[in-house]
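So the chains spell out like this:
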Amino acid sequence: MGRRKGGGIGIALMTVAALAGVSACGGSGDEAGGGNAKASDKPSASAKPSPTKPKGPPMLLETITPQTGATVGVAMPVSVVFTNPVAEKARASVEKHMKVSASKPVEGAWHWFGDKRADWRPKEYWPSGTTVKVEADMKDVSNGNGRYGVRAYTHTFKVGDDVRADVSVTGHTLKVTKNGQAVRTLSINAGSAEYPTWNGTMAVIDKQEKVHMTSCSVGISCNKGDANYYDLTLPWDVHLTQSGTYVHYSTGDPNPGSGSARGSHGCVHLSMSDAKWFYQQVKQGDPVTITGSPRAKAPADNGYASFNLSWDQWLAGSGSGASTTASL
């Protein structure tokens, strides 16, 4: 199923905001040197000129995710969205002014999706229980396009329990583990042949108890007489991709499993009781890995699917390369 336009994935710095997107099931992607100097009886010039404010409009950050105080899953990246484009020549400098520290140090790197979004992820999943601090000191930092930062931003969040879901499209199952222990296996249906589900690992974007979903809003069908038309409000919705993949309950597929012939428009369907249970288990950043679909892996910026890129692919999009987090 799909919902109306306007769903997003960002947490605003000053107010709640979101990255624009359509939600739908399936859907049509100095070190200063020092030394001794001889004394002189001549008047000395000032060692440094008076500081001047850089000219040009401000460079601002639109969002930093996760929100300060949040508890997230082990696959959650740090995602920074700028209000204006950052030139490629300035990205390494900008990255070096966005410091990531952790109570359990890990190797990680920034990766740019276009010219406004930079995500930082660890090479492997975060260790459960890690506290993470993001310090984006943008004061006087250039974006390479005539804009300069005017302030610093700080976000601190925690990585909670290691909750993972593994979905087998062909096996019609969703298996949940917590901190390495199997918890429960649920029966599911995934996408149809016409609207297959994304493969790959997608960190949970968010979740809502109810979402209004329409086929017209995501370009599936606006014709009420069409077999693929829908206009529904459905419960227990766990959001996986910005293009609109959810794990949820659907009135059109109330008893999913291997005995059901029904397929979705790309979402993963659970029974009502299972959908409510799953909704209560997961949080933002928990990885949901889908296998067995004929569709490709979800693009890494289609929500928070950063682990769909290999480490080498991730580093290819970085300005400054890999580094180990500072210790908290």
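In what follows, the structure referred to is the one given above.
Because the structure is predicted, anything quoted here is derived from the model rather than measured.

Criteria and cut-off values
- Residues numbered from 1 in each chain as written.
- Predicted model: local features only at pLDDT ≥ 70, side-chain atom pairs only at ≥ 80, totals over all residues.
- Heavy atoms only, no water.
- Helix = DSSP H or I, 4+ residues; strand = E, 2+ residues; numbered from the N terminus.
- Buried < 20%, exposed > 50% of the residue type's maximum accessible area, 1.4 Å probe, protein only.
- Disulfide = S-S within 2.5 Å.
- Salt bridge = Lys/Arg side-chain N within 4 Å of Asp/Glu carboxyl O.
- Pairing = 2+ DSSP bridges.
- Phe/Tyr/Trp six-rings, centres within 6.5 Å; stacked < 30°, edge-to-face > 60°.
- Axes fitted to C-alpha atoms, helices over the stretch in contact; angles between N-to-C directions.
- Contact = heavy atoms within 4.5 Å.
- Core = buried A, V, L, I, M, F, W, Y, C linked by side-chain atoms within 4.5 Å.

K.L.:
Looking at this model, I keep getting lost on the overall build of the chain. Mind explaining?
P.N.:
Secondary structure summary: the chain contains three helices and 21 strands in total. Across the 328 residues in the chain, those meeting the buried criterion constitute 50%.

K.L.:
Which parts of the structure should I look at to understand the state of the cysteines?
P.N.:
What is meant by a disulfide is a covalent connection between two cysteines, made through their sulfur atoms. On inspection of all chains with the given rule, the structure shows one disulfide. The residue that forms a disulfide with Cys216 is Cys222, at a sulfur-sulfur distance of 2.0 Å. Since a negative S-S torsion denotes a left-handed disulfide, the Cys216-Cys222 link at about 85° is right-handed.

K.L.:
Help me understand the side chain of Asn199 in this model?
P.N.:
For Asn199, the position within the fold is in the loop between strand E13 (181-187) and strand E14 (200-203). With a relative accessible area of 11%, Asn199 lands in the buried category.

K.L.:
What exactly am I supposed to notice about the pattern of salt bridges here?
P.N.:
Pairs can form between side chains of opposite charge whenever their charged atoms are close. Taken as a whole, this structure holds six salt bridges when the rule is applied. When the shortest N-O distance is used, the salt bridge between Arg117 and Asp119 registers 2.8 Å. Since its relative accessible area comes to 8%, Arg117 is described here as buried. A relative accessible area of 1% places Asp119 in the buried class. Here Arg184 and Asp274 are joined by a salt bridge, their closest N and O atoms 2.9 Å apart.

K.L.:
Is there a simple way to think about the pairing of strand E12 (residues 173-178) in this case?
P.N.:
The side chains of a regular strand alternate between the sheet's two faces. Sheet topology note: the strand E11 (residues 163-168)/E12 ladder contains six bridges and is antiparallel. Bridge pairing in E12 places Ser168 opposite Thr173. As consecutive antiparallel partners, E11 and E12 are separated by four residues, and within that stretch His172 has a phi angle of approximately 55°, a positive value. If you look at the hairpin formed by E12 and E13, you'll find two residues sitting between the two strands, and Asn179 has a positive phi there, around 50°.

K.L.:
Help me understand the packing of aromatic side chains, please; the structure alone is not making it clear to me.
P.N.:
Where two aromatic rings form a pair, the distance of their centres and the angle of their planes describe that pair. Per the counting criterion, the structure on display carries six aromatic pairs. Geometrically, the ring pair formed by Phe82 and Trp112 is stacked, given 5.8 Å between the ring centres and 20° between the ring planes. With Phe82 in strand E4 (residues 78-82) and Trp112 in strand E6 (residues 107-113), this pair connects stretches of sequence that are 30 residues apart. For the pair Phe113 and Trp314, a centre-to-centre distance of 5.8 Å together with 70° between the ring planes defines the contact as edge-to-face.

K.L.:
Help me understand the sheet that holds strand E18 (residues 268-270), please; the structure alone is not making it clear to me.
P.N.:
Paired through their backbone hydrogen bonds, the strands of a sheet run either parallel or antiparallel. Here four strands make up an open sheet; going across it, the order is E15-E16-E17-E18 and the pairing mixed. Single-partner strands in this sheet number two, and they are strand E15 (206-214) and E18. On average, adjacent strands in this sheet sit at an angle of 35° to one another, irrespective of strand direction. Alignment of strand E17 (residues 246-249) against E18, held across three bridges, turns out to be parallel. Residue pairing in the sheet places Tyr249 in a bridge with Leu270 of E18. Together, E15, strand E16 (231-239), E17 and E18 form the strand contacts of helix H2 (residues 272-281), whose direction differs from that of E16 by roughly 45°.

K.L.:
What is the right way to look at the nonpolar core in this model?
P.N.:
Looking at soluble globular proteins, one finds that nonpolar side chains tend to be buried together. Core analysis: the largest hydrophobic core is formed by 35 residues, its most contacted members being Phe82 and Met98. Listing elements by their share of this core, those giving two or more residues are strand E2 (61-65), E4, strand E5 (98-102), E6, strand E7 (117-122), strand E8 (131-137) and strand E10 (152-159). Leaving out residues up to four positions away in the same chain, Met98 has contacts with Val80, Phe82, Trp110, Ala118, Glu135, Ala136 and Met138. If you look at the next biggest cluster of nonpolar residues, it comprises 28 residues, including Val176, Trp277, Val282 and Ala298.

K.L.:
What should I look at first to understand unusual backbone geometry in this one?
P.N.:
Trans peptide bonds make up most of the peptide bonds, and negative phi angles are found at most residues other than glycine. Residue Pro66 follows Thr65 across a cis peptide bond; omega there is 5°. A positive phi is found at His172, a non-glycine position, where the angle reads about 55°. Mapped onto the elements, His172 comes out in the loop between E11 and E12. The phi dihedral of Asn179 falls on the positive side, at around 50°, and the residue is not glycine.

K.L.:
Could you clarify how one ought to interpret the sheet that holds strand E20 (residues 323-324) in this entry?
P.N.:
Within the open sheet, the five strands sit side by side as E2-E4-E7-E6-E20. Their pairing is antiparallel. Of all strands in the sheet, those with a lone pairing partner are E2 and E20, marking the two edges. In this structure, E6 lies alongside E7, joined through six bridges in antiparallel fashion. Across the sheet, the residue bridging to Ala109 is Arg121, located in E7.

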